Amino acid sequence: MFESLMISLQLAFVTTSILLLIALPLAYLLAYRSFVGRTALEVVVALPLVLPPTVLGYYVLMMIAPHSPLGLLWQRLFDSSLAFSFSGMVFASVLYSLPFAVQPLQQAFRAIPKRWLEMAETEGLNVKQLFFQLLLPASKGGILVASALTFAHTMGEFGVVLMVGGSIPGETKVASIALFEMVEMQQQSDAWLLALVLLAISFVMLSLVYSVNQLGAQRLMHR
Amino acid sequence: MKNHLQLSAQLGNLNLQADISFEHDFILVTGENGAGKTTLLRAIAGFEAVKGQLIVNHTVWLDSGSAFNLPTRKRKIGCLWSDPALLPWLSVKKNILFGCVVANEAWLQELAAALEVTHLMERRVAMLSTGEAQRIALARALYKKPKLLLLDEPLSAQAPALRQRLRKLLKSYWQQQEMTLIMVSHDPEDTKFLANQHWCMREGRLFAEVLHQPNRDVIYE
């Protein structure tokens with residue numbers, strides 16, 4: 001039980017870290033830039049919200065299969081298979097939790113007062129300076145919400161990680177799959193405890209999200 | 001190349017029309033509410049989609065004939081709007097220095113003293129009064145020594161005595177820096193004593209009159 005919980009926590013931590021790096025520039029593009037294919041990109045980002053996890057898992061498995069271009073490249077670079085590995089699960093989780101990271105950041109960027117952005121332009125800031133000196137500090141709440149939601153969502157993944165990871169003990173068996181197997185094997189007390197831990201993690205993460213949102217709403221009222 | 005402003009745009013209900021040449025003048029813009037004064041400043045700053053030609057300091061900023069529009073960040077202007085747009089997570093000092101790679105401490109101290117904000121430098125923005133916030137935003141606009149300064153009612157939140165001192169400061173700054181200053185104001189005192197050019201906006205149209213010849217040696221007392 002402890003082992004699967006640690007794998008889940010590791011997966012959630014790595015996925016959240018990678019997703020923040022991807023989601024920040026992506027959210028910036030979607031919040032402020034108009035370009036051909038913008039709507040299509042927004043739809044692709046939001047797709048995991050409505051797609052059955054098994055469908056996404058199936059496509060990811062096809063993408064990272066040993067004979068796929070990505071699978072072959074991975075094999076050549078790291079001399080190991082991407083499918084049914086922790087790295088494969090990270091790849092799948094990044095795609096599956098993408099909207100949970102991008103959308104709060106996009107909203108946070110859009111909530112930045114236009115006057116601040118115009119002031120930054122008159123002060124001559126380039127895109128890099130704008131990002132680090134204005135957008136990031138002004139979106140601290142959004143970054144926290146995106147991190148908490150991504151972390152909690154990754155902790156609760158089942159279908160995708162089962163398809164891509166294959167439930168290998170000590171490697172890809174995450175807490176949600178372990179819980180399913182405990183129930184199947186009638187290990188009620190272990191199942192009860194693991195479910196409680198997962199519930200507590202989700203509760204803490206969502207409390208963080210709501211606290212940040214409430215704080216943001218209060219600041220907006222006093223602005 | 002003389003500074004030239006020839007702009008036209010339909011912005012909502014406002015039909016903006018301006019065609020005027022100017023030099024390193026202290027220009028005061030007046031007009032009724034909704035006449036387009038702030039929109040004119042925003043158009044000069046590059047925040048409104050306008051057509052025409054804009055030449056400032058021997059540089060073409062806008063030439064819609066050749067589809068050229070210099071981005072705002074490259075225009076090197078100083079601006080002060082009705083909202084001071086100070087960043088709440090920064091101290092007053094860092095707000096003034098916002099966007100600067102290296103700080104010129106001597107100039108910062110001189111500016112802070114002139115604007116009477118030296119005692120506020122380490123304070124948080126949330127602790128400032130409206131008048132103090134306006135002066136900090138003015139300090140930020142002046143700090144980079146821009147060659148064009150756009151000010152939208154910069155003294156509106158100041159007490160009368162301080163307003164008088166700031167008028168002197170603006171005028172001496174304009175005299176020293178050889179720059180153009182375009183300032184929107186409803187205060188007749190400003191029209192009377194500050195500017196050497198007066199632009200009047202009526203329903204989006206710009207009319208100009210020369211008030212008196214620029215006398216860079218005399219500061220209003």
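Residues numbered from 1 in each chain as written. Chains lettered and ligands numbered in written order. Predicted model: local features only at pLDDT ≥ 70, side-chain atom pairs only at ≥ 80, totals over all residues. Heavy atoms only, no water.

(A) Geometry of the pattern of salt bridges. Within the structure shown, the criterion is met by twelve salt bridges over all chains. A salt bridge links E118 of chain A to R115 of chain A; the shortest N-O distance between them is 3.3 Å. Of this pair, E118 of chain A and R115 of chain A both sit in helix 7 (residues 114-122), separated by three residues, roughly a single helical turn. On the accessibility criterion, E118 of chain A (6% relative accessible area) is buried. Between E118 of chain A and R42 of chain B there is a salt bridge, with the nearest N and O atoms lying 2.8 Å from each other. Of this pair, E118 of chain A sits in helix 7 while R42 of chain B sits in helix 1 (residues 37-45), which puts the two residues in different chains. (Salt bridge = Lys/Arg side-chain N within 4 Å of Asp/Glu carboxyl O. Helix = DSSP H or I, 4+ residues; strand = E, 2+ residues; numbered from the N terminus. Buried < 20%, exposed > 50% of the residue type's maximum accessible area, 1.4 Å probe, protein only.)

(B) Quick look at the interface of chain B and chain A. Taken together, the contact between chain B and chain A spans 19 residues of the former and 17 residues of the latter. For the chain B and chain A pair, buried surface summed over both sides reaches about 1,800 Å², with 60% attributable to carbon and sulfur atoms. The largest share of the area that chain B buries against chain A comes from R73, W89 and F98 of chain B, three residues that together contribute 36% of it. Along the contact surface separating chain B from chain A lie two salt bridges. Across the chain B-chain A interface, the total number found is three residue pairs in polar contact (both at pLDDT 80 or more). (Contact = heavy atoms within 4.5 Å. Buried area = accessible area lost by both parts, 1.4 Å probe. Polar contact = N/O pair within 3.5 Å; in protein donor to acceptor, adjacent residues only side chain to side chain.)

(C) Summary view of the pairing of strand 5 (residues 59-63) of chain B. Residues and elements named next belong to chain B. Direction of pairing for strand 4 (residues 51-56) relative to strand 5: antiparallel, over a ladder of four bridges. Within strand 5, the residue paired with I55 across the bridge is V60. Where strand 5 meets strand 6 (residues 68-69), two bridges bridge the pair, whose relative direction is antiparallel. Bridge pairing in strand 6 links D63 to F68. Count of turn residues in the strand 5/strand 6 antiparallel hairpin: four residues, of which A67 carries a positive phi of about 55°. (Pairing = 2+ DSSP bridges.)

(D) The packing of helix 1 (residues 2-32) of chain A against helix 5 (residues 86-96) of chain A, seen in detail. Residues and elements named next belong to chain A. One can describe the packing of helix 1 onto helix 5 by two numbers: an axis separation of 9 Å at closest approach and a directional angle of 50°. The angle between helix 1 and helix 5 falls in the class oblique. Where helix 1 crosses over helix 5, the handedness of that crossing is right-handed. Residue-level inspection shows I7, Q10, L11, V14, T15, I18, L19 and I22 of helix 1 in contact with helix 5, the latter providing F86, M89, V90, S93 and V94. For the contact of helix 1 with helix 5, the residue count by class is ten nonpolar, three polar and no charged. (Axes fitted to C-alpha atoms, helices over the stretch in contact; angles between N-to-C directions. Parallel < 35°, antiparallel > 145°, perpendicular 65-115°, else oblique. Left-handed = near helix turned anticlockwise from the far one by under 90°. Nonpolar A, V, L, I, M, F, W, Y, C, P; charged D, E, K, R; others polar.)

(E) Structural view of unusual backbone geometry. Residue and element names in this part refer to chain A. The phi dihedral of D79 is positive, around 55°, even though this residue is not glycine. Looking at the element boundaries, D79 is found in the loop between helix 4 (69-78) and helix 5. Assessed through its relative accessible area of 63%, D79 is described here as exposed. Backbone geometry at F84 places phi at a positive 55°, although glycine is not the residue there. By the secondary structure assignment, F84 is in the loop between helix 4 and helix 5. With a relative accessible area of 41%, F84 lands in the partly exposed category.

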